[in-house]
Amino acid sequence: MTAALTLSGISHRHPGAAQPTLAGIDLEVQDGQMLAVLGPSGSGKTTLLRVAAGLEQPEAGDVLLDGTSVLDVAPERRDLTVMFQKPHLFPHLSVLDNVAFADRLRGQSRSQSRATAQRYLDLVHLGDLGPRRPRALSGGQEQRVALARALAATRRVMLLDEPFSALDNHLRTSMHQLLVEVRAALDPTVVLVTHDLDEAALADRVAVLVEGRIEHCDTIQTLYTAPKTLAVARLVGGFNELPGVVRSGVHHSILGAAALPTSLAADGPAVLLARKEGLALTEPHTTGTATGLVVEVRQSGPHQDVIVEMASSRPVAATRLTVEVRLGTTLRPGDRTGVVLPGPEGLWVVSGASPQVAERSSTSMLTTR
Amino acid sequence: MTPPLTRTAHLRAGRQSEGARLVAPAVILIVAVTGTAIGAVVATSLGLLPLVGQPRLSADGFTALAGDLRAATQESLLIAIAATLLAAAIGLTIATTIVRAGHGVRLVVALAVTVLTVPHLVGAAATGLLLSDVGLAQRWSGISPASWPELVGGRWPWATVLELAWKESAFVALVVTASLGRRYADLREVSVVLGAAPRAQWWRVLLPLAAPALASSSLIVFVYSLGTYEVARLLGRAYPEPLPVMAYRLFTGIDVTARPQAAATAVVATGLALSAAAITLPLVRRLGADR
């Protein structure tokens, strides 16, 4: 099946920049699918969308819509549209005429285009705000109008460039719900750029973009359980990293040996990844557990994170593990506790990484010092 | 609980009141200076402030030279309207070039700023040297002086209009460019991804966004062109004179009894300028200057 949007070998470099912004990006989005491009600030997410939209020219590669290259097609004639981070409503037009803008460009009469626009305004629950000027809207309402305007353009692919990042949590959640409703109603093909995991979770697939490269493209569940690289694990967050070596299906680290799922049995240097919610605390010095010293108890949303410094026979490698527990833990800094690693199904390894990799990372949940 | 809309209305009223307090000193100063000047001119034109003799309320200042006053008004309106339209068109074109062009923008901006720094007196003299029947343009073109069109001092105020349009188009361009700013770049991209071709981008985005600044700067150009003395004096014909030239001539003439006529001429020019402002300012507001 031909993908609705294909980005093939896209490379891009900003003028005067030493490093490329995008390096050989390959992505496909199927008809009616929603792909999230997840990455930290400066990873090239917005540039990727701008290249797809034709607002920036790539250094190399191709952009295809339904299998046909549109690299030489002017952005206004490409069959895709963009919803930007800011709503950018036309201040000289009413809300209704903002939504009707694309139809007016297509030569439809004012009344025809307004009738169509009204349907899209109803879809985003702002049906009664058509006569208002954009300056009379709240931030959330402006974004809804921008979404309605992008939908009313009825393009093959809709590109969303962190459209909800400036909204507060409540509004963002309602926009997420709205996006789900819109997908159910119209089944559009969407590429959503975001740095928010909750937002990325709305998509069918998530492509993780780090320093201009796609590190991993899969479902959000896979990203949480089996990240392909350390960079992905760190972006997703919540992983403890234990550098070590895999031998005969067992990972050996300063915490000892941990059996791995058989599919991960390739021998060699590897970092063991264990999610903080997969670890458990127990009485210290219990058989089969590692014992450590609680150094911090931190509030983390509706849970608490207990940071435990593990005892080690090697003086250069005191290791900290983060364990997520329910609210109300009685542990305090200075207490001793046991830490239980999950079974093989709760562990994951990223091969090829040396312990130094983890040492360099300041974002790693597990630190060596 | 206060409904949101009412709260917004209260906030807006508070902001307006705050704004009025802030501008009050400037408004008082302007009203005092301008009001005194206009009051004195009106009083003089009505015979209430004669240089010699007793004050006597009279419309003689307006009626004594009614024919000349009418001709001067027509000449002034012709110059001001033509110069304003030309300056607005050229200024908008330059502004469009500046906001659209990726390269060479600095050169265009630098040229516009340079034009603004040239005094009108110098500009008028240079225009005369360039466009007169023995000017540089005539010599470069090789056209004989007899065949050269009467651009300076002729029946139509070509040179006056061209000089004013040349200088004021740079002013319009910079005002419009500054008003568009980064906002236009963002909205242009939005229009592009919604399918707007370059012409539609100009017509549906740039022009509406530029309209308030274009209208207000055009009003300033119109008022300035209506009141300018030196350009029309150097490049215009002897008769009919535009209003400022006529007012100055009458005011500085040896006949001190002509002062009411000079003042009446100035009152007509001021009336035209205020009328233009009264028509344009609501238009500027309707075009969305407050958005």
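The structure presented is a predicted model; accordingly, all values stated were derived computationally and were not measured.

Caption draft 1: Representation of the sheet that holds strand β20 (residues 347-351) of chain A. Residues and elements named next belong to chain A. Spatial ordering of the open sheet is given by β13-β12-β11-β14-β20, a layout of five strands whose pairing is antiparallel. Every other strand in the sheet has two partners, leaving β13 (256-259) and β20 as the edge strands with one partner each. Sheet twist, expressed as the average angle between the axes of neighbouring strands with direction ignored, equals 40°. The pairing of strand β11 (residues 239-247) with strand β12 (residues 250-253) spans three bridges and is classified as antiparallel. Bridge pairing in β12 links V245 to H252.

Caption draft 2: A look at the interface of chain A and chain B. Contact residues are listed per partner, giving 21 residues for chain A and 20 residues for chain B. Summing the contributions of chain A and of chain B, the shared interface buries around 2,000 Å²; its carbon and sulfur component is 67%. When the area that chain A buries against chain B is broken down by residue, the three leading residues are E76(A), H92(A) and L105(A), summing to 28%. Put simply, chain A and chain B have one salt bridge between them. R50(A) serves as the salt-bridge partner of E189(B), at 2.5 Å between the closest nitrogen and oxygen. Joining chain A to chain B, the criterion identifies four residue pairs in polar contact (both at pLDDT 80 or more). Residue assignment for the side of chain A that touches chain B shows that the elements contributing at least two residues are β6 (80-83) and α3 (101-105) of chain A. A per-element tally of the side of chain A that touches chain B places α3(A) first, with four residues. Here the side of chain A that touches chain B is composed, by residue class, of 12 nonpolar, three polar and six charged.

Caption draft 3: Structural detail: the nonpolar core. Formed by 55 residues in total, the largest nonpolar core has its most connected members in L5(A), L159(A) and V176(B). Residues contacting L5(A), with those up to four places away along its chain left out, are L27(A), E28(A), V29(A), V63(A), L64(A), L65(A), L80(A), V157(A), L159(A) and V191(A).

Caption draft 4: Up close: empty space enclosed by the protein. As enumerated under the stated definition, the model contains three cavities of 30 Å³ or more in all. Here the largest cavity defines a volume of roughly 60 Å³. Lining the largest cavity are T81(A), V82(A), M83(A), F84(A), P87(A), A146(A), R149(A), A150(A), V190(B), V193(B) and L194(B). Breaking the lining of the largest cavity down by element, the ones donating at least two residues are β6 and α5 (139-152) of chain A together with α7 (158-193) of chain B. Broken down by class, the residue content of the lining of the largest cavity amounts to nine nonpolar, one polar and one charged. The calculated volume of the second largest cavity comes to roughly 50 Å³. Lining the second largest cavity, in full, are L5(A), L7(A), L27(A), V29(A), L35(A), V37(A), L48(A), L49(A), A52(A), L159(A) and V191(A). Listed by contribution, the elements that provide at least two residues to the lining of the second largest cavity are β1 (5-12), β2 (22-29), β3 (34-38) and α1 (45-53) of chain A.

Caption draft 5: Region of interest: the pattern of salt bridges. Residues and elements named next belong to chain A. Inspection of every chain in the model, using the stated rule, returns 21 salt bridges over all chains. R114 is paired through a salt bridge with D97; the nearest N and O atoms lie 2.7 Å apart. Residue R114 is located in helix α4 (residues 110-123), and its partner D97 is located in helix α2 (residues 95-99); the two are separated by 17 residues in the primary sequence. Judged by its relative accessible area of 14%, D97 falls in the buried class. Here R298 and E296 are joined by a salt bridge, their closest N and O atoms 3.3 Å apart. When its relative accessible area of 31% is taken as the criterion, E296 is described as partly exposed. What you see here is one network of salt bridges that share partners, running through D31, D66 and R156.

Caption draft 6: Representation of the sheet that holds strand β19 (residues 336-340) of chain A in the model. Residue and element names in this part refer to chain A. Taken together, five strands build an open sheet; the order of strands is β15-β19-β16-β17-β18 and the sheet is antiparallel. With partners counted over all chains shown, the strands left at the sheet margins are β15 (280-282) and β18 (319-326), one partner each. Neighbour-to-neighbour, the strand axes of this sheet turn through a mean angle of 50°, independent of strand direction.

Caption draft 7: Highlighting the domain arrangement of chain B. All names here are of chain B. Its domain assignment divides chain B into domain 1 (1-45) and domain 2 (63-290). Each of domain 1 and domain 2 has a C-alpha centre, and these two points are 29 Å apart. Roughly 420 Å² of surface becomes buried between domain 1 and domain 2 when both sides are summed, with 87% attributable to carbon and sulfur atoms. Counting the surface domain 1 buries against domain 2, the share from its top three residues, V41, T44 and S45, is 74%. Linking domain 1 with domain 2 are zero salt bridges.

Caption draft 8: Main features of the packing of aromatic side chains. Throughout the structure, instances matching the rule amount to three aromatic pairs over all chains. Ring geometry for W202(B) and W203(B): centres 6.5 Å apart, planes at 25°, overall stacked. With a centroid separation of 4.7 Å and 55° between ring planes, the pair formed by Y229(B) and Y248(B) is classed as tilted. Of the two residues, Y229(B) is situated in the loop between α8 (198-227) and α9 (230-235) and Y248(B) in helix α10 (residues 243-252); the sequence distance between them amounts to 19 residues. A relative accessible area of 45% places Y248(B) in the partly exposed class. Residue placement shows R275(A) over the ring face of F239(A); its charged tip is 4.6 Å from the ring centre.

Caption draft 9: Representation of the environment of G53(B) within the structure. All names here are of chain B. Here G53 shows up in the loop between α1 (4-45) and α2 (60-63). Here G53 falls in the exposed class, since its relative accessible area comes to 59%. Spatially, the C-alpha atom of G53 lies 37 Å from that of L121, the residues being 68 residues apart in sequence.

Parameters at a glance
- Residues numbered from 1 in each chain as written.
- Chains lettered and ligands numbered in written order.
- Predicted model: local features only at pLDDT ≥ 70, side-chain atom pairs only at ≥ 80, totals over all residues.
- Heavy atoms only, no water.
- Pairing = 2+ DSSP bridges.
- Helix = DSSP H or I, 4+ residues; strand = E, 2+ residues; numbered from the N terminus.
- Axes fitted to C-alpha atoms, helices over the stretch in contact; angles between N-to-C directions.
- Contact = heavy atoms within 4.5 Å.
- Buried area = accessible area lost by both parts, 1.4 Å probe.
- Salt bridge = Lys/Arg side-chain N within 4 Å of Asp/Glu carboxyl O.
- Polar contact = N/O pair within 3.5 Å; in protein donor to acceptor, adjacent residues only side chain to side chain.
- Nonpolar A, V, L, I, M, F, W, Y, C, P; charged D, E, K, R; others polar.
- Core = buried A, V, L, I, M, F, W, Y, C linked by side-chain atoms within 4.5 Å.
- Buried < 20%, exposed > 50% of the residue type's maximum accessible area, 1.4 Å probe, protein only.
- 1 Å grid on protein atoms, 1.4 Å probe; cavity = no way out; pocket = protein on both sides within 12 Å on 5 of 7 lines; lining within 4 Å.
- Points joined across faces, edges and corners; volume = space filled by probe spheres on them.
- Domains from an automatic or database assignment.
- Phe/Tyr/Trp six-rings, centres within 6.5 Å; stacked < 30°, edge-to-face > 60°.
- Lys NZ or Arg CZ within 6 Å of the ring centre and 35° of its normal.

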